[in-house]
Structures are given as C-alpha cells and as structure tokens.
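# Working through the structure, step by step
Spelled out, the chains give:
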Amino acid sequence: MVLRLGDEAPNFKAQTTEGEIDFHQFIGNSWVVLFSHPADFTPVCTTELGEVARRSKEFEERNVKVIGLSANELGDHHKWVKDINEVNKVNVGFPIIADADRTVSTKYDMLDYQDATNVDTKGIPFTVRSVFIIDPKKKIRLTITYPASTGRNFDEIIRVIDSLQLGDKHRITTPANWKKGDDVIIHPGVTNEDAEKLFPGYKAPLPYLRLAKSPF
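Every chain is numbered independently, its residues counted from 1 as its sequence is written. Residue-level local features of this predicted model are given only where pLDDT is at least 70; pairs of side-chain atoms are given and counted only at 80 or more, and the full residue set underlies all totals for whole chains, interfaces and linings. Hydrogen atoms and water are omitted, and side-chain values are computed over all heavy atoms in the structure.

- In the nomenclature of an unreviewed UniProt entry, the chain corresponds to Thioredoxin-like protein from the organism Gigaspora rosea.
- UniProt positions are given in the numbering used here, feature names are shortened, and annotations may be inferred rather than shown by experiment. Its UniProt record gives the chain a comment under Function (unreviewed entry), which states: "Thiol-specific peroxidase that catalyzes the reduction of hydrogen peroxide and organic hydroperoxides to water and alcohols, respectively."
- Quoted straight from UniProt, the Sequence similarities (unreviewed entry) entry for the chain says "Belongs to the peroxiredoxin family. Prx6 subfamily."

Written out as structure tokens, the structure is:
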C-alpha cells in the first residue's frame, strides 16, 4: 500500500509497552510521530529511542505524541526499554508497538526490500527507519524513510512539526533551512492587500517572494 501526503493514516489495533491501543483513538486531538525500528537490542535504535525520550518535553509543548514500532515481541520490548533507560539516562514514557508479524509495518509500507541482510531468522524483512508525522485530523503530513543503517535527525523532525503547525495556523510557508523564529514566506494565495493587513511591513525582494517576521 502506497501512502501519500494527505492520506488518512491507516488505523490499527496493536499491543504496545503501554498496553493495547486503537491508533486513531491514540491520536485523539494530538499530532503524532510514528517511527519504526528494524529490531530491538540494536545500537542505532537504542540511541534513537533514548533521544526521543530525552526530548519528550519538546514534543509535549507542540501537542505531539510519539509512538515507536519495532519488529519484535512485546516481552523483548520491555527488556529493551530497561537497556534504553540505563544507557541513555532517560525514562522512556511513550509506547512501542510490538509488530513481530509485521501487520502494522505492512500497512505503512515500512518493510525493507533493499537490504537482503535486514531479515529475521525466518527470512522475514525487518523494517526500515520510517517516520510519519500525522495531524489531529488523522492525515499524513510528512513521510521520511531512512535506511536501517542510518540514525534519524530528530532536530529535522521537530523543525518540520514547527513548520507544519505554523503553516496551519497562519497563511505562510517556510524557506530552506528555516528554523523556529526565522522569517517566513507569505503564502502565494494571499493578495498583497491582505498580506499588508496580516503581515504589516513585509518585505518583497521579488514579486513572488514576500518575507515576513515569524508569527511565533
């Protein structure tokens, strides 16, 4: 199944380290970051989950829930969380989906079809490092897929969340390498007259490039 931006995030029920969930109910009125891991007890995955736990307040401030997925049994997850907490000096407070049968991974097209070595003992592919940002309307707003060997950049994930949330609230887009607090681009659909009302004193280095102070 090919998922595109704007599609509704497929719903599912699954066992997690925080109990059974219905994914759409889990989303509720929040934004969600769903991110997959090839397997438990792997070095890169252990550092990633530690980083997410370390930045939990940043996600909470943005009304974002995080939920991980790994292609192992629930019992392995619980053991692995202890390792993550110990080595990263954190407390993993978000759920990790147990997806040993790859049910959720298949729904979200997370399986690794490139690396023939990224399989379990039965020859079933593990997941790649997929990221989905999902909004409160259950719509997919971003997808990023990393190879299993490369850890994710969570600075970038938070940056995109800031951009999406700002764009939903105001009629703007964000330029290359934009960071929270930087100037923004006034949406092309906004007339110059409305732009002056919404963003007094905006600058227009080009007729189609209108810059304004960040509404943050």
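From this point, the discussion proceeds with the structure in view.
## A short note on the sheet that holds strand β11 (residues 209–212)
- Spatial ordering of the open sheet is given by β8-β9-β11-β10, a layout of four strands whose pairing is antiparallel. Looking along the sheet, the strands with just one partner apiece sit at the ends: β8 (172–173) and β10 (203–206).
- In the sheet, strand β9 (residues 184–186) pairs with β11 via two bridges, with the strands oriented antiparallel. Paired with Val184 across the strands is Ala212, a residue of β11. A pair of strands is considered paired only if DSSP assigns at least 2 bridges between the two. A run of DSSP states H or I qualifies as a helix once it reaches four residues; a run of E qualifies as a strand once it reaches two. Both are numbered from the N-terminal end.

## Let's talk about the nonpolar core
- Side-chain atoms within 4.5 Å link the members of a nonpolar core, which is a set of buried Ala, Val, Leu, Ile, Met, Phe, Trp, Tyr and Cys residues. For the exposure calls, accessible area comes from a 1.4 Å probe over protein chains only, and a residue counts as buried if that area is under 20% of its type's maximum, exposed if over 50%, partly exposed in between. Grouped together as the largest cluster of nonpolar side chains are 27 residues, with contacts concentrated most on Val33, Phe35, Phe59, Val66, Phe94 and Ile133.
- Put simply, the parts of the chain that give this core at least two residues each are β3 (31–37), α2 (43–54), β4 (64–70), α4 (74–88), β6 (129–134), β7 (140–146) and α6 (154–169).
- No other element matches the six residues that α6 contributes to this core.
- Two residues qualify as a contact provided that any one of their heavy atoms is within 4.5 Å of a heavy atom in the partner residue. With residues near it in sequence (within four places) discarded, Val66 still touches Phe26, Val33, Phe35, Val52, Phe59, Phe94 and Pro95.

## Considering α6
- A helix's residues, less one, multiplied by 1.5 Å, set its expected span. Across its 16 residues, α6 extends 23 Å between first and last C-alpha, which sits within 8% of the 22 Å expected from 1.5 Å per residue.
- Phe154, Ile157, Ile158, Val160, Ile161, Asp162, Ser163, Leu164 and Leu166 are the residues of α6 that are buried.

## A word on the packing of α2 against α4
- Look at α2 against α4: their axes get within 9 Å of each other, and the N-to-C directions meet at 70°. Considering the angle they form, α2 stands roughly perpendicular to α4. Regarding α2 and α4, the two cross each other, and that crossing is right-handed. Residues Cys45, Thr46, Thr47, Leu49, Gly50 and Arg54 of α2 form the contact with α4, whose own contacting residues are Trp80, Ile84, Val87 and Asn88.
- Three residue categories are used. Nonpolar comprises Ala, Val, Leu, Ile, Met, Phe, Trp, Tyr, Cys and Pro, charged comprises Asp, Glu, Lys and Arg, and polar comprises the others, including Gly. Considered class by class, the residues forming the contact of α2 with α4 number five nonpolar, four polar and one charged. Fitted lines through C-alpha atoms give the axes, limited to the stretch in contact for helices. The angle between two N-to-C directions lies from 0 to 180 degrees. Here the angle decides the label: under 35 degrees means roughly parallel, over 145 means roughly antiparallel, 65 to 115 means roughly perpendicular, and every other value means oblique. Crossings are classed by handedness, with left-handed meaning an anticlockwise turn of the near helix from the far one by less than a right angle and right-handed meaning a clockwise turn.

## Some thoughts on the pairing of β4
- Counting buried positions along β4 gives six out of seven residues, so the element sits mostly inside the fold.
- Two strands pair when backbone bridges link them, and β3 and β4 are joined in this way by seven bridges, in the parallel orientation. Each residue of the ladder has a partner; that of Leu34, found in β4, is Ile67.
- Sheet topology note: the β4/strand β5 (residues 96–98) ladder contains three bridges and is parallel. Counted as the bridge partner of Gly68 is Ile96 from β5.

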